[in-house]
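# Architecture and fold: a report
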Amino acid sequence: MKKRYVFLSAIAIIFGIIVAVLPAKDVKNEIQPEQMLLEILDETRFLSVDKVAEYIVEQNRFVLLIDVRTPEKYAEWTLPGAINIPFDSILNPSYEYILNQDVYTNVLFSNGSVYSSQSWILLKRKGFSNNYVLDGGLNKFIETFFMMKKPKIEDPNEVKDLYQFRKGVRQYFTGSGDEGSSDNTKTEVKVIIKKDKNKEDEGGC
Amino acid sequence: MGPLTELGILNHEGGILMAFIIGIAFGFILEQAGFSSTRKLAGVFYGYDFVVIKVFFTAAITGATGLVLMNYFEVIDLKLIYVNRFFPPSAIVGAAIMGAGFIIGGFCPGTSVCAAAIGKIDAMAFIGGILLGIIIFAETFPLFKGFFTANPKGNMKITEVLGIKDGLFVLFFILIALGAFATVHFIQKKVKKVEY
């Protein structure tokens, strides 16, 4: 055997021994604090109510709505097609196949943004991706689509277009083209709970 | 410091540009190593040329040693490196199909692009076959979905399964590679040399 081969093999083995005796590093799968800070500062985790409404109306197969409120609140009403993973069970391994995957865009929501944001942070620390937060939660969703104000005549076209879109969304939810109230009086909104057609597809595994 | 894209040092577009540059360099090295020749690639299966095994094993042990050392000196954080999810049945069937394609066509996907880049018509036909396969697979995916996603094992690493340190596994892997080099050297001596 050529001396060159022996020499190169010896170098490989020496390096192998060096890496084998190096002390092991922390092998937790959690995200590092510096990385976590960058993730928290990045606001792309928030999806606007308009974007989420668009997903719902177009019945996007690759978006999974996840209600992190209690099962009782979920049973009362939720967004169409949403599944329930209560905040206190968010780290339950039986939900990992839903929360840690790269096929579906998960949208976490609660009444406001607090519980959904906390859920997102926990999932991010676990290193799970593809999870987003409904900005403002259900409160903002209702305020945007069911308590909206009519645009003024002098408002730019973008505002009028947005109003038309939101009116369409309201119609989708209520089945009514009614203009609704423009004051701040709270109207009881009956959100239709629609069974997810692709329930058996959830999680992709 | 790294991985650059995961830590936000390099944005998505920067990552794509980096991948492009590395891809060009990778293709250049493949071509220089003679991987655009189907005879050289098929030589592994017939026992007259093992340069493919030698190059890939060398790349693997160099890369593995470098990553463990860089992780130790905190140049890169191995925990942030994406590990593909493991589905054993589809991995086994996929590997068998890949192997069959390799011996029939004389190329693997990377080397076919490399050979097509220097104008080899058989490589272009091979790429056409790959694209056709991708389309058929995508269109018939619902039929295979159950099998494709069966028995998911998550983002599994062999060192986690064996419960050993990354560095120790690299040492074993180096020994396996050296053993493979010696074995193929011996086989190549026994098999009649093929001129091409």
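Above this text is the structure in question.
The model shown is predicted, which means the values in this text are computed figures rather than measured ones. Each chain carries its own residue numbering, running from 1 in the written order of its sequence. Chains and ligands are labelled by the order in which they are written, letters from A for the one and numbers from 1 for the other. In keeping with the predicted nature of the model, local features appear solely for residues at pLDDT of at least 70, side-chain atom pairs appear and are counted solely at 80 or more, and the whole-chain, interface and lining totals rest on all residues. Based on all heavy atoms of the structure, the side-chain values leave hydrogens and waters out of the count.

## So, the interface of chain B and chain A
Spelled out, the test is: The criterion used for residue contact is that any of the two residues' heavy atoms lie within 4.5 Å. Once two parts are brought into contact, the accessible area they lose, counted with a 1.4 Å probe and summed over both, makes up the buried area. Salt bridge, as applied in this entry: a Lys or Arg side-chain nitrogen positioned within 4 Å of an Asp or Glu carboxyl oxygen. Two N or O atoms count as a polar contact when they lie within 3.5 Å, although within protein this holds only if one can serve as hydrogen donor and the other as acceptor, and sequence-adjacent residues are included solely when both atoms are side-chain atoms. Elements are defined by DSSP. Helices are runs of H or I of four residues or more, strands are runs of E of two residues or more, and each kind is numbered from the N terminus. In this classification, Asp, Glu, Lys and Arg are treated as charged, Ala, Val, Leu, Ile, Met, Phe, Trp, Tyr, Cys and Pro as nonpolar, and every other residue, Gly included, as polar.
Each partner contributes residues to the interface: chain B has 27 residues there, and chain A has 29 residues. Among the residues chain B hides against chain A, the three largest losses belong to Tyr-72, Lys-79 and Arg-85 of chain B. Together they make up 25% of the total. In this structure, the connection of chain B to chain A is made through zero salt bridges. Between the two partners, chain B and chain A, sit two residue pairs in polar contact (both at pLDDT 80 or more). Where the side of chain B that touches chain A is concerned, the elements lending two or more residues are helix H3 (51–72) and helix H9 (166–190) of chain B. Residue contributions to the side of chain B that touches chain A peak at eight residues, all from H9 of chain B. Partitioning the side of chain B that touches chain A into residue classes produces 13 nonpolar, six polar and eight charged.

## Observations regarding the pattern of salt bridges
Quick reminder of the rule: Throughout this description, buried means an accessible area under 20% of the type-specific maximum (1.4 Å probe, protein chains only), exposed means over 50%, and partly exposed covers the range between.
Using the criterion set out here, one finds six salt bridges over all chains in the structure. With a closest N to O distance of 2.8 Å, Arg-69 of chain A and Asp-67 of chain A form a salt bridge. A relative accessible area of 8% places Arg-69 of chain A in the buried class. Owing to a relative accessible area of 0%, Asp-67 of chain A belongs among the buried residues under this scheme. Across the salt bridge formed by Lys-40 of chain B and Asp-49 of chain B, the nearest N and O atoms sit 3.2 Å from each other. Across the pair, Asp-49 of chain B and Lys-40 of chain B agree in class, each one buried.

## A closer look at the nonpolar core
All names here are of chain A. Put simply, the test is: To define a nonpolar core, start from buried Ala, Val, Leu, Ile, Met, Phe, Trp, Tyr and Cys residues and group those joined through side-chain atoms within 4.5 Å.
The biggest cluster of nonpolar side chains holds 21 residues, and the ones touching the most others in it are Leu-65, Leu-79, Leu-134 and Phe-141. If you list the elements that add at least two residues to this core, you get helix H3 (49–57), strand S2 (63–67), strand S4 (105–109), helix H7 (137–146) and helix H8 (157–174). Leave out the neighbours within four places in its chain, and Leu-65 touches Val-52, Ile-56, Leu-79, Pro-80, Gly-81, Ala-82, Ile-83, Val-107 and Phe-109. In this structure, Ile-31, Ile-83, Ile-85 and Ile-90 belong to the second largest nonpolar core, which totals 16 residues.

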